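Coordinates in review
Spelled out from the first residue to the last, the chains are:
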Amino acid sequence: MPVIQFILDLGASVMLPLIIFVMGIAFGLKAGRAFRAGVTIGVGFVGIGLVIGLLTGSLGPAAQAMVERFGIQLNVLDVGWPAAAAIAFASQVGAVVIPVGLLVNLVMLLTRTTQTLNIDLWNFWHFAFTGALVTEATGKLWLGVAAAAVNAAIILKLADWTAKPIQEFYGVPGISLPHGLSAAYVPIAIPLNALIDRIPVVRDIDLDTAKIQQRLGVFGDPMMLGLLLGIALGLLAGYSVQETLQLGVSMAAVMLLMPRMVRLLMEGLMPVSEAAREYLRRRFQGREFYIGLDSAVAVGHPASIATALILVPVTLLLAVIVPGNRLLPFGDLATIPFVVCMIAPIVRGNVFRSVLIGMVAITVGLLMSTSVASLHTAAAIAAQFDIPAGAAEISSIGDGANPLTWVLLQLSRLFQ
Amino acid sequence: MNRKRVVVACGTGIATSTVVAEKVAEACRREGIDVDIIQCKATEVATHAPGASLVVATTTIATPVSVPVINAIGFLTGVGEEELSRRIIEALKD
């Protein structure tokens, strides 16, 4: 079909606006509003491309120089979830993930296999990401779409199971969190928490959240974190003072600008997401269900913040000492709250426990994100992001280190 | 009339706060209230709150702030949206 090929060849910055426009019209938006939404997404996509260019262009050579000087094999760049989300939405699976995700939710609601009505369309990118990696790995688009659908279904079940503790812990009645990254750590956290319960002394330890926030606050400020890491890497790479300072400011820029670009994608998706929400609510009027939201509503809690602050330096340390890891953590150091925010209610806000469980999750995650690096890079290139030839590979923690994504990817290879 | 400042916060300062910021802006436009909206992370509220009239958040604000805080999860779920808009407008009017 030459028409489809023509559309795919347009690239994500043109294809996504078209898709959003069509979807907006389908959900009953006015043409002008749908068009504006589409163009906003296209602009966000171009912006993310620029920032990824800045990241790989300046951090890449520094990472390589560091590898040459010290033999620390951290040559896979962590581009962070904003880039991963853009790669996911720009993939072939991303083009259909919103209708597919909604369909899975509708079918599960109708068959009463879920109680969650997931109105957080933005986070469908997690499902698309799994699908995109599966498609890259197997070369089969249908397998990618199937993996995305299965991912969506599993996340809905996890949201159902965790709804009660989350509602109590965060004080959000009627809400569940079908979040592709946060919920994926629940199956790890439950057995580990049960294990800690059996260890005398250790089970009684807790940490003071206020003190942690006071002492480690700098790790919660992405811009300052970027600056510090940039300077540290410049020194490790043996750069001159000038080059080191330039790298520091460039990395501060990446940390600050990347989320701003993603905000444009969010803004563009918003009208469509609201229209879909209204449609679903009308369709299921009078039914009791949990409304599925972004786990961003949970990450402000002191337990999540304190855990994440501790895990930032811990992640950097683990990256150096875990054998086999090649990921240089960067963009997603700011994403750690999302890794831990659904662990916190399971351990009832005990920061010591969520740090322990988070360390296990991140150790395993570093190896997973290393192992998917070539697929992650291929997906980025397929999305027409400018990854300089011969440069370091890219990966991420969200969702390159997502255990559910990884498991689904391995399962999909069975169908090859 | 004075320009009022509203701080809109969520976990990331990107995701759900974008939705809420739009809603607050829309409600204020309707009522003819001139507002300046600052969108930020929950951890940054303490920095932005001085000088603001109101904090609207979708997540827990851990730090004590001197201005009223309104929880805006209703804008995300669509439950009680009008009531929420009304409370925000009232808080800004006096």
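One can find the structure itself at the top, above this paragraph.
Structural notes, computed from the coordinates.

Some remarks on the environment of Leu-141 of chain A
Residues and elements named next belong to chain A. Here Leu-141 lies in helix H7 (residues 141–170). Of the residues examined, Leu-141 reaches a relative accessible area of 38% and is grouped as partly exposed. Note: C-alpha distance between Leu-141 and Gln-92 (49 residues apart in sequence) is 7.5 Å.

Topic: the sheet that holds strand E3 (residues 175–176) of chain A
Think of a sheet as strands paired side by side through backbone hydrogen bonds, with each pair either parallel or antiparallel. Spatially, E2-E4-E3 (chain A) is the arrangement adopted by the 3 strands of the open sheet, whose pairing is parallel. Edge positions in the sheet fall to strand E2 (116–118) and E3 of chain A, since each has one partner strand and no second.

Notes on the packing of helix H8 (residues 186–197) of chain A against helix H15 (residues 351–371) of chain A
Residue and element names in this part refer to chain A. Interhelical geometry of H8 versus H15 gives an angle of 130° and a closest axis separation of 10 Å. In this view, H8 runs oblique relative to H15, as classed from their interaxial angle. Crossing angle aside, the handedness with which H8 passes H15 is right-handed. Facing H8, whose interface residues are Ala-189, Leu-192, Asn-193, Ile-196 and Asp-197, H15 presents Arg-353, Leu-356, Ile-357 and Val-360.

Here we look at a nonpolar patch on the surface
Residue and element names in this part refer to chain A. A surface patch of nonpolar side chains, amounting to about 440 Å² of accessible area, comprises Val-218, Met-223, Met-224, Leu-228, Leu-256 and Leu-257. Among the secondary structure elements, those contributing two or more residues to the nonpolar patch are helix H10 (222–236) and helix H11 (241–283). Broken down by element, the residue count for the nonpolar patch peaks at 3 residues, all from H10. If you trace the backbone, Met-223 turns up in helix H10.

A word on the side chain of Asn-402 of chain A
When you line up the elements, Asn-402 of chain A lands in the loop between strand E6 (393–395) and helix H17 (403–412). Not counting residues within four places of it along the chain, the set of residues in contact with Asn-402 of chain A comprises Gly-180, Leu-181, Ala-184, Tyr-185, Met-368 and Ile-397 of chain A.

Here we look at the side chain of His-301 of chain A
For His-301 of chain A, the location among the structural elements is in the loop between strand E4 (290–292) and helix H12 (302–321). The buried category is assigned to His-301 of chain A, whose relative accessible area is 15%. With residues up to four places along the chain from it excluded, the contact list for His-301 of chain A reads Phe-169 and Tyr-170 of chain A together with Thr-59 and Thr-60 of chain B.

Re the packing of aromatic side chains
All names here are of chain A. With the rule as written, the count across this model stands at 8 aromatic pairs over all chains. Taking 4.9 Å as the distance between ring centres and 25° as the angle between the ring planes, the aromatic pair formed by Phe-45 and Phe-385 counts as stacked. Placement of the pair is Phe-45 in helix H3 (residues 31–70) and Phe-385 in the loop between helix H16 (373–382) and E6, with a sequence separation of 340 residues. Judged by relative accessible area, Phe-385 falls into the buried class, the value being 6%.

Here's the deal with the interface of chain B and chain A
Of the residues lining the interface, 26 residues belong to chain B; the matching set on chain A comes to 28 residues. It is Ile-14, Thr-60 and Thr-77 of chain B that lose the most area in chain B upon contact with chain A, and together they represent 24% of the buried surface on that side. Counting across the interface, chain B meets chain A through 1 salt bridge. Where chain B packs against chain A, one counts 2 residue pairs in polar contact (both at pLDDT 80 or more).

Some points on the pattern of salt bridges
Counted by the stated rule, this structure contains 9 salt bridges over all chains. Across the pair Asp-197 of chain A and Arg-353 of chain A runs a salt bridge, and its minimum N-O distance is 3.0 Å. Of this pair, Asp-197 of chain A sits in helix H8 while Arg-353 of chain A sits in helix H15, and the two are 156 residues apart along the sequence. According to the relative accessible area criterion, Asp-197 of chain A is partly exposed, its value standing at 37%. Residue classification places Arg-353 of chain A among the buried positions, given a relative accessible area of 7%. Between Lys-93 of chain B and Glu-31 of chain B there is a salt bridge; the shortest N-O distance is 3.3 Å. Note that Lys-93 of chain B is positioned in helix H4 (residues 81–93) and Glu-31 of chain B in helix H1 (residues 15–31), a separation of 62 residues in sequence.

Side note on the nonpolar core
Among the nonpolar cores identified, the biggest contains 169 residues, and Ile-48, Trp-122, Trp-125 and Leu-293 of chain A together with Val-56 of chain B are the most heavily contacted of them. The dominant element in this core, judged by the number of residues it contributes, is H11 of chain A, at 15 residues. One finds Cys-40, Ala-52, Val-55 and Ile-61 of chain B within the second-largest nonpolar core, a separate group that totals 11 residues.

Digging into the packing of helix H6 (residues 125–138) of chain A against H16 of chain A
In helix packing, the relevant descriptors are the interaxial angle and the interaxial distance, both defined with respect to the helix axes. All names here are of chain A. At a minimum axis distance of 9 Å, the contact between H6 and H16 shows a crossing angle of 100°. On the basis of the axis angle, H6 is roughly perpendicular to H16. Of the residues in H16, those in contact with Phe-129, Leu-133, Glu-136 and Ala-137 of H6 are Leu-375, His-376, Ala-378, Ala-379 and Ala-382. For the contact of H6 with H16, a count of residues per class yields 7 nonpolar, 1 polar and 1 charged.

Observations concerning the state of the cysteines
All names here are of chain B. Taken as a whole, this structure holds 0 disulfides over all chains when the rule is applied. Considering cysteine sulfurs only, Cys-40 is the nearest to Cys-28, which forms no disulfide, with 16 Å between them. What makes Cys-28 buried here is its relative accessible area of 0%.

Procedures and definitions
- Residues numbered from 1 in each chain as written.
- Chains lettered and ligands numbered in written order.
- Predicted model: local features only at pLDDT ≥ 70, side-chain atom pairs only at ≥ 80, totals over all residues.
- Heavy atoms only, no water.
- Helix = DSSP H or I, 4+ residues; strand = E, 2+ residues; numbered from the N terminus.
- Buried < 20%, exposed > 50% of the residue type's maximum accessible area, 1.4 Å probe, protein only.
- Pairing = 2+ DSSP bridges.
- Axes fitted to C-alpha atoms, helices over the stretch in contact; angles between N-to-C directions.
- Parallel < 35°, antiparallel > 145°, perpendicular 65-115°, else oblique.
- Left-handed = near helix turned anticlockwise from the far one by under 90°.
- Contact = heavy atoms within 4.5 Å.
- Patch = residues over 30% accessible without salt bridge, like charges linked within 9 Å, V, L, I, M, F, W, Y side chains within 5 Å.
- Areas by Shrake-Rupley, 256 points an atom, 1.4 Å probe, with all protein chains shown as cover.
- Salt bridge = Lys/Arg side-chain N within 4 Å of Asp/Glu carboxyl O.
- Phe/Tyr/Trp six-rings, centres within 6.5 Å; stacked < 30°, edge-to-face > 60°.
- Buried area = accessible area lost by both parts, 1.4 Å probe.
- Polar contact = N/O pair within 3.5 Å; in protein donor to acceptor, adjacent residues only side chain to side chain.
- Core = buried A, V, L, I, M, F, W, Y, C linked by side-chain atoms within 4.5 Å.
- Nonpolar A, V, L, I, M, F, W, Y, C, P; charged D, E, K, R; others polar.
- Disulfide = S-S within 2.5 Å.

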